[in-house]
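Understanding the architecture of this molecule
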Amino acid sequence: MKRSLLFVLVIAVVAVAIPVLLTRFGPQTPIDAYQPHSNDGQTIFIEACSKCHGERGEGSPLGSRLAGRRIPQRQVEGRVRGGGGGMPKFPHIREEALENLSTHVNRL
């Protein structure tokens, strides 16, 4: 009986500890090394985004569909800068390039 109770207690501690440890020490949002050579939104999309989101934004198993959606500019820019949800950060896409990319995404 004592062994069963000890086993349940150990399992409970592990079940609580794993999510906490993964949050603290788990994988971070990856950073993509892509650096735009142009401020053109379409060029940036093809070079940096199309491998996951498709050339026309149709989506793929790696990235969600963007075509036909109206995504607020701040949301697009926030996701490009910060990554998340499986998407890497793109810290080198900034300012005018980022604004043009956001505009292109909403034209897909």
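Each remark here, short or long, concerns the structure printed above.
To start, this report covers the structure provided alongside it. All of these numbers come straight from a predicted model, not from anything done at the bench.

Attention now goes to the packing of helix α2 (residues 41–53) against helix α4 (residues 95–105). One way to put it is that α2 packs onto α4 with a least axis distance of 8 Å and a crossing angle of 85°. Looking at the two axes, α2 sits roughly perpendicular to α4. Here Gly-41, Gln-42, Ile-44, Phe-45 and Cys-49 of α2 come into contact with α4, specifically with Ala-97, Asn-100, Leu-101, His-104 and Val-105.

A separate point is the side chain of Asn-106. Within the element layout of this structure, Asn-106 appears in the segment after α4. Separated by 2.7 Å, the side chain of Asn-106 and the backbone nitrogen of Ile-71 make a polar contact.

Moving on: the layout of surface pockets. Regions of empty space are outlined by a rolling probe, equal in size to a water molecule, passed over the atoms. The computed volume of the largest pocket comes to approximately 510 Å³. Lining of the largest pocket is provided by 25 residues; of these, His-53, Ser-64, Leu-66, Arg-79 and Met-87 occupy positions nearest its centre. Those elements that provide at least two residues to the lining of the largest pocket are α2, α3 (73–82) and α4. The element best represented in the lining of the largest pocket is α2, accounting for six residues.

Once that is clear, we can look at unusual backbone geometry. Residue Glu-95 is not a glycine yet carries a positive backbone phi of 45°. Tracing the sequence through the fold places Glu-95 in helix α4. A relative accessible area of 68% means that Glu-95 is categorised as exposed.

The rules behind each value
Residues numbered from 1 in each chain as written. Predicted model: local features only at pLDDT ≥ 70, side-chain atom pairs only at ≥ 80, totals over all residues. Heavy atoms only, no water. Axes fitted to C-alpha atoms, helices over the stretch in contact; angles between N-to-C directions. Helix = DSSP H or I, 4+ residues; strand = E, 2+ residues; numbered from the N terminus. Parallel < 35°, antiparallel > 145°, perpendicular 65-115°, else oblique. Contact = heavy atoms within 4.5 Å. Polar contact = N/O pair within 3.5 Å; in protein donor to acceptor, adjacent residues only side chain to side chain. 1 Å grid on protein atoms, 1.4 Å probe; cavity = no way out; pocket = protein on both sides within 12 Å on 5 of 7 lines; lining within 4 Å. Points joined across faces, edges and corners; volume = space filled by probe spheres on them. Buried < 20%, exposed > 50% of the residue type's maximum accessible area, 1.4 Å probe, protein only.

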